[in-house]
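Summary of structural features
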Amino acid sequence: GGSCLERRLEDGEFSALIVAAQETKTRQWMVPVIELAVHTSMRRGELARMRWQDLDFEAGTIFIRDRKHPTEKIGNDQTIPMFPPARESLEKARAFSKYDDLVIPIRCPKSITSAFMTITKRAKIENLRFHDLRHEGVSRLFERGWSIPQVAAVSGHRDWAQLKRYPQLKAETLLAEY
């Protein structure tokens, strides 16, 4: 569920995060992780569990196992599109792959959180949580004019009401579309 603390990235913050991750020798693997969080709207645990066999570069899809669900813990799988920026990030991730199966070179999702905290400090960015990157990704899809069903097909939201809290299109934008 969302809290009122979720926030969008401000101008320059995305690039500041990437630079800070690149400059932190032991955290460079976070560059593709940060990018993927925004370009796929995947959660921390989903990114940490992602396996190379779940990626179909030919079809352009990412298979997500056991997505978060209010009641089902297992079998709630989903296939999402591998947008071009996500594909580039996944290619970058190959350089850091230390386990044959896992895309992200960590075994514990909490490693992403602690690395992210190190990176935000270095980038001098306040009040930004890793989960906010998912929120950013979802918001960007809405800004492209996507409908709630289209966004849900990427974000994995089963309850569309949860997506209603995202800023919707402005009336002027809709007028231009008419």
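Residues numbered from 1 in each chain as written. Predicted model: local features only at pLDDT ≥ 70, side-chain atom pairs only at ≥ 80, totals over all residues. Heavy atoms only, no water.

Of the two faces of strand E2 (residues 61-64), the one holding Ile 62 and Ile 64 is buried and the one holding Thr 61 and Phe 63 is not buried anywhere. Note that strand E1 (residues 55-56) and E2 share two bridges and pair antiparallel. When the bridges of E2 are listed, Leu 55 appears paired with Ile 62. Where E1 hands over to E2, the hairpin turn is made up of four residues, of which Gly 60 adopts a positive phi near 75 degrees. (Buried < 20%, exposed > 50% of the residue type's maximum accessible area, 1.4 Å probe, protein only. Helix = DSSP H or I, 4+ residues; strand = E, 2+ residues; numbered from the N terminus. Pairing = 2+ DSSP bridges.)

To continue, consider the pairing of strand E3 (residues 78-81). Alternating positions in E3 separate cleanly, Gln 78 and Ile 80 being buried on one face and Thr 79 and Pro 81 remaining unburied on the opposite face. When E2 meets E3, the two strands line up antiparallel, connected through four bridges. Bridge assignment links Thr 61 to a residue of E3, and that residue is Pro 81.

Moving on, we get to empty space enclosed by the protein. A complete count under the given rule lists one cavity of 30 Å³ or more for this structure. Here the largest cavity is characterised by a volume of approximately 50 Å³. Together, Met 42, Glu 46, Arg 49, Met 50, Asp 54, Phe 63, Ile 64 and Arg 65 line the largest cavity. Of all the secondary structure elements, the ones that give two or more residues to the lining of the largest cavity are helix H3 (44-49) and E2. (1 Å grid on protein atoms, 1.4 Å probe; cavity = no way out; pocket = protein on both sides within 12 Å on 5 of 7 lines; lining within 4 Å. Points joined across faces, edges and corners; volume = space filled by probe spheres on them.)

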